[in-house]
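Observations on the three-dimensional arrangement
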Amino acid sequence: MLNRDEKVKIAVLISGTGTNLQALIDAVENGSIKNGKISLVISSNKDAYGLKRASKHGIENIFIPSEKNDRVDNFEKSLTKELRERKIDLIVLAGFMKILSEDFVKKYPNRIINIHPSLIPSFCGKGAYGIHVHEMALDYGVKVTGATVHFVNEIPDGGKIILQKAVEIKEKDTPEILQKRVMREAEWTLLPKAVSMVCDKIMEEKNESL
Ligand code: GRF
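1. Section: the packing of aromatic side chains
- Evaluated as defined, the whole model comprises three aromatic pairs.
- Lys98 extends its terminal NZ or CZ atom over the ring of Phe75, reaching a point 4.9 Å from the ring centre.

Quick look at the structure:
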């Protein structure tokens, strides 16, 4: 629960390079995200470059391993503990490669957001992640793709859409070229904008309840 004048505490979950995380860090530092601060970065991959980005900016960052005991993955148990300890208000999935369970997601209604590199409902859902999303768009032959930021519910990529931005597909695109254009022209601006909007809304609700 937030106190008066306290910013929304954000945890960013990553698995890789963390360019979207970097866009969020920059937006907090340059004041475009006014009502939020990144309190924690969590990675499901210990070598994720995103962890270094967080360190460089003095943001606490941790790696949570997937430990399978008796086939039960303890990842979410540890995740819940870390989030609770720091009283995290908002979870942002920014290139996070695990699908969170229904039980976990239900604990954070409208408090988990994800960025997906296509215009949902195209090229999304289970199996549509990373470079595969762009391969699917090129294989289908669509002329426009883009990015979507949405709330996370129990259906993969099925939660309420917050923002979308279209990106043109060009004749000679490869999945890699398209991936870069979608990031540059859509993801890196869309995610900070959506996070800012959600933080403002959380602050508004908090002020109403005071
Ligand atoms: C992005 O394309 C994002 O949309 C997808 O995974 C990629 C992560 O890239 N979910 P990065 O780690 O933010 O550079």
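And the narrative resumes.
2. Things to note about helix H5 (residues 131-140)
- Of the residues making up H5, those classed as buried are Val133, His134 and Ala137. The buried residues of H5 occupy an angular sector of 95° when the element is viewed end-on, so they sit on one face.
- Packing partners of the buried residues in H5 comprise strand S7 (112-116), strand S8 (144-151) and helix H6 (175-209).
- Phi turns positive, to about 90°, at Gly141, one or two residues after H5.

3. Remarks on the packing of helix H1 (residues 19-29) against helix H2 (residues 49-56)
- Where H1 meets H2, the closest approach of the two axes is 9 Å, and the angle between their N-to-C directions is 15°. Classified by the angle their axes make, H1 and H2 are roughly parallel. The chirality of how H1 crosses H2 is right-handed. Counted together, Thr19, Leu21, Gln22 and Ile25 of H1 and Gly50, Arg53 and Ala54 of H2 form the full contact between these two elements.
- Of the residues belonging to the contact of H1 with H2, the class tally is three nonpolar, three polar and one charged.

4. Considering the pairing of S8
- Burial analysis of S8 places seven of its eight residues in the buried class, the great majority of the element.
- Where S7 and S8 come together, four bridges link them in antiparallel fashion. By the bridge assignment, Ile115 is partnered in S8 with Val149.
- Alignment of S8 against strand S9 (residues 161-168), held across seven bridges, turns out to be antiparallel. Of the residues in S9, the one forming a bridge with Gly146 is Ala166.

5. Structural notes on the side chain of Gln22
- Its place among the elements puts Gln22 in helix H1.
- A relative accessible area of 16% places Gln22 in the buried class.
- Here His57 takes part through its side chain, which lies 3.5 Å from a polar atom of the side chain of Gln22.
- Discounting residues that sit within four places of it in the chain, Gln22 has contacts with Arg53 and His57.

6. Observations concerning the environment of Ile14
- With respect to the helices and strands, Ile14 occurs in strand S1 (residues 8-14).
- Taking C-alpha positions, Ile14 is 21 Å from Ser32, a pair spaced 18 residues apart along the chain.

Conventions used here
- Residues numbered from 1 in each chain as written.
- Predicted model: local features only at pLDDT ≥ 70, side-chain atom pairs only at ≥ 80, totals over all residues.
- Heavy atoms only, no water.
- Phe/Tyr/Trp six-rings, centres within 6.5 Å; stacked < 30°, edge-to-face > 60°.
- Lys NZ or Arg CZ within 6 Å of the ring centre and 35° of its normal.
- Buried < 20%, exposed > 50% of the residue type's maximum accessible area, 1.4 Å probe, protein only.
- Helix = DSSP H or I, 4+ residues; strand = E, 2+ residues; numbered from the N terminus.
- Arc of directions from axis to C-beta.
- Contact = heavy atoms within 4.5 Å.
- Axes fitted to C-alpha atoms, helices over the stretch in contact; angles between N-to-C directions.
- Parallel < 35°, antiparallel > 145°, perpendicular 65-115°, else oblique.
- Left-handed = near helix turned anticlockwise from the far one by under 90°.
- Nonpolar A, V, L, I, M, F, W, Y, C, P; charged D, E, K, R; others polar.
- Pairing = 2+ DSSP bridges.
- Polar contact = N/O pair within 3.5 Å; in protein donor to acceptor, adjacent residues only side chain to side chain.

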